[in-house]
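Now for the letters of each chain:
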Amino acid sequence: MEECKSLEDYLVKPGEQSPFANLLVDLAFKKAFDPDKPTSRENLVNLLNDLLAPQLKRPIKNVWTRNVAKNLSGSKASRTAIFDLHCEDDAGELIEIEVQIRKLDNFLNRLAFYASEMVANQAELGIGWKFDIKPTYVIAFTRHRMFEYGRIVHRATVTDLETNEKFMDSYNFTVVELAKVPFFIESKSDSLSKWLFFFRYLNRLKELPPAINERKFKQLTESSKVSKFSKEEFEAYQKMFH
């Protein structure tokens, strides 16, 4: 009779705690999507491919942490990313991705700055570098409304103003406004809608509703259980959450 349950039946009751962490807390996001561990790396690849599908030329097959020690801007406050990633698509081409989940002042200007840093940091010393710039993507999840219109996911790049065709692949942006995600999901909903629901409501659920009871979400749910945190991690999570 599982199909007869309403979506509200999967919410924790007042006073109860969800077994799942809030993925917009740094520590929880990093544990769930750690690019340096096999299971969480798979979680991250799944997320990136579903979120960036309209923007990527080919699907991502592998990710690993990008060395960001080089900082050509001179700004000590410039590194606020949750992840700085090298990504490889299924044709062996590389792209650079940065993921943001923190609240940022001067939001859009910061995203432009981070993308510019990712491009500048690809420079190689000496005169032999041929400006072989890999495409860059800045992904930002925000709990707050950023735009007046109702769209949840906003995608931007550099385009020709007359033809509206992509002018270059160096700068790509994806902004997700989670505050706009409705409490509604169906099995026939597309993958992106399921991801948005998952991010917005996971820490209010007691179990996954059938609509998102798929392998990739069940695996990610296991990585997001608060019971999997060490004592030190749980204390740090509590401080970040509150």
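An account of the accompanying structure is given in this report. Please read all numbers here as calculations on a predicted model, not as lab measurements.

With respect to the overall build of the chain
1) Next: Across its full length, the chain holds 6 helices and 6 strands.
2) Next: Ordered by position from N to C terminus, the α and β elements of the chain give α-α-β-β-β-α-β-β-β-α-α-α.
3) Next: Taking 18 Å as the expected radius of gyration for a compact globule of 242 residues, we find that the chain reaches 19 Å, a close match to that expectation.
4) Next: Seen along its three principal axes, the alpha-carbon backbone of the chain occupies a region of about 65 × 45 × 35 Å.
5) Next: Residue burial in the chain is summarised as follows: out of 242 residues, 45% are buried.
6) Next: Of all intrachain contacts in the chain linking residues separated by at least 6 positions in sequence, the fraction that spans at least 24 positions is 63%.
7) Next: When the accessible surface of the chain is summed, it comes to about 13,400 Å², and 52% of that surface belongs to carbon and sulfur atoms.
8) Next: A distance of 4 Å separates the average location of the 36 positive side-chain charges in the chain from that of its 35 negative side-chain charges.

Examining the nonpolar core
1) Next: In terms of nonpolar packing, the biggest core is built from 48 residues, with F29, F33, L48, I97, F141 and F199 touching the most fellow members.
2) Next: Among the elements of the structure, α1 (26–32), α2 (38–52), β1 (60–65), β2 (83–89), β3 (94–100), β4 (136–142), α4 (191–201) and α5 (215–223) are those that each provide at least two residues to this core.

Observations concerning the pattern of salt bridges
1) Next: On inspection of all chains with the given rule, the structure shows 11 salt bridges.
2) Next: The salt bridge partner of E207 is K5, with a shortest N-O separation of 3.8 Å. Taken together, the positions of E207 in the loop between α4 and α5 and K5 in the segment before α1 put the pair 202 residues apart, joining distant regions of the chain.
3) Next: Here E207 falls in the partly exposed class, since its relative accessible area comes to 34%.
4) Next: A residue is classified by how much of its surface remains accessible, and K5, at 32% relative accessible area, is partly exposed.
5) Next: D132 serves as the salt-bridge partner of K134, at 3.2 Å between the closest nitrogen and oxygen.
6) Next: Residue K134 is classed as partly exposed on the basis of its relative accessible area of 22%.
7) Next: Three or more residues joined by partner-sharing salt bridges are found here, namely E222, K225 and K228.

Conventions and cut-offs
Residues numbered from 1 in each chain as written. Predicted model: local features only at pLDDT ≥ 70, side-chain atom pairs only at ≥ 80, totals over all residues. Heavy atoms only, no water. Helix = DSSP H or I, 4+ residues; strand = E, 2+ residues; numbered from the N terminus. Rg over C-alpha atoms; globule rule 2.2 N^0.38 Å. Buried < 20%, exposed > 50% of the residue type's maximum accessible area, 1.4 Å probe, protein only. Contact = heavy atoms within 4.5 Å. Areas by Shrake-Rupley, 256 points an atom, 1.4 Å probe, with all protein chains shown as cover. Lys, Arg positive; Asp, Glu negative; His and termini not counted. Charge placed at Lys NZ, Arg CZ, Asp CG, Glu CD. Core = buried A, V, L, I, M, F, W, Y, C linked by side-chain atoms within 4.5 Å. Salt bridge = Lys/Arg side-chain N within 4 Å of Asp/Glu carboxyl O.

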